[in-house]
Amino acid sequence: MASAYLNKTYSGDGDRRTFTVSVWVKCHAINSNEQSIFCAGDAANQRSELKINGSRKLTFFDYNSSFDAQLETNALLRDVNAWYHIVLKYDTTQVTSSDRIKLYLNGEEQSLSTSTIPAQNHQSYINLSSKTHRINQSAAGGDIGEYTMAHFHFIDGTAYDASAFGLTDS
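Bear in mind that the values here come from a model prediction, so they are computed numbers and not experimental data.

J.: Now, about the nonpolar core: what can you tell me, with residues and values included?
T.: If you look at soluble globular proteins, the nonpolar side chains tend to sit buried side by side. Ranked by internal contacts, the top residues of the largest apolar core, which has 26 residues, are Ile37, Leu50, Phe60, Ile86 and Leu88. Those elements that provide at least two residues to this core are strand S2 (18-27), strand S3 (35-41), strand S4 (47-52), strand S5 (57-63), strand S6 (67-76), strand S7 (84-91) and strand S8 (101-105). By residue number, the principal contributor to this core is S2, which donates 5 residues. Every residue in contact with Ile86, bar those within four places of it in the chain, is listed here: Val21, Ser22, Val23, Val25, Ile37, Leu50, Leu58, Leu77, Tyr104 and Leu105.

J.: Let's hear about the packing of aromatic side chains: which residues, and what values?
T.: On inspection of all chains with the given rule, the structure shows 8 aromatic pairs. With a centroid separation of 4.4 Å and 10° between ring planes, the pair formed by Phe19 and Tyr90 is classed as stacked. Here Tyr90 lies in strand S7 and Phe19 lies in strand S2, a separation of 71 residues in the sequence. Across the pair, Tyr90 and Phe19 agree in class, each one buried. Summarising the aromatic geometry, the rings of Phe60 and Tyr90 are spaced 5.8 Å apart at their centres and angled 75° between planes, so their arrangement reads as edge-to-face. Pair noted here: Phe60 is in strand S5 and Tyr90 is in strand S7, with a separation of 30 residues, a long-range link.

J.: Tell me about unusual backbone geometry, and please be specific about residues and values.
T.: A positive phi angle is found at Asn127, which is not glycine, with a value near 80°. Residue placement: Asn127 occurs in the loop between strand S10 (112-116) and strand S11 (133-135). The class for Asn127 is buried, based on a relative accessible area of 6%. One non-glycine residue with positive phi stands out, namely Asn136, at about 70°. Examined against the element boundaries, Asn136 turns out to sit in the loop between S11 and strand S12 (147-156).

J.: Can you explain the sheet that holds S7? Please cite residues and give values.
T.: An order of S9-S8-S7-S2-S12 is seen for the 5 strands of this open sheet, with the pairing classed as antiparallel. Pairing within the sheet leaves two strands with one partner each, and these edge strands are strand S9 (108-109) and S12. In this structure, S7 lies alongside S8, joined through 5 bridges in antiparallel fashion. Looking across to S8, one finds that Lys89 is bridged to Lys102.

J.: For the pattern of salt bridges, give the residues involved together with the corresponding values.
T.: Tallying each qualifying case throughout the model produces 5 salt bridges. Between Lys102 and Asp99 there is a salt bridge; the shortest N-O distance is 3.6 Å. We classify Lys102 as buried; its relative accessible area is 13%. The partly exposed category is assigned to Asp99, whose relative accessible area is 29%. A salt bridge links Glu109 to Lys102; the shortest N-O distance between them is 3.1 Å. Put simply, Asp99, Lys102 and Glu109 are held in one network by salt bridges that share partners.

So, how was this worked out
Residues numbered from 1 in each chain as written. Predicted model: local features only at pLDDT ≥ 70, side-chain atom pairs only at ≥ 80, totals over all residues. Heavy atoms only, no water. Core = buried A, V, L, I, M, F, W, Y, C linked by side-chain atoms within 4.5 Å. Buried < 20%, exposed > 50% of the residue type's maximum accessible area, 1.4 Å probe, protein only. Helix = DSSP H or I, 4+ residues; strand = E, 2+ residues; numbered from the N terminus. Contact = heavy atoms within 4.5 Å. Phe/Tyr/Trp six-rings, centres within 6.5 Å; stacked < 30°, edge-to-face > 60°. Pairing = 2+ DSSP bridges. Salt bridge = Lys/Arg side-chain N within 4 Å of Asp/Glu carboxyl O.

Structure below.
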């Protein structure tokens, strides 16, 4: 269905310990395909990826032969009529392990069915200049998302929660 994607390899490293990703997605199909939102790395090893997995759960991981970090939400993204606001807050400088990576869906911090928390000061492959960064494509070049994407934001060096990207007017 969708085939548009962006990729870039940066000329210098950014902050690999602290960053934020915010994006809106509207799914087009309910199926078991992996759908990458944002990743950095290579196909075999050394990659970080935010995606909707085959179970329709939001997932983030850092992988280098094994998972240095792995989070998967309990929530399912299965409404093809809804826009989902997704925020990844990444800050491995935090002393408290549960504060190092957080996933938000529609403004709410998500409970996790899978959780491997990285060590303090762990460095993601996101912002590593030797790795290709991709929006809407996996590190292997596949897993293109079957969704519409809007308002993609990447904030280098600051970890924001979902409230930094909008407000509710009662």
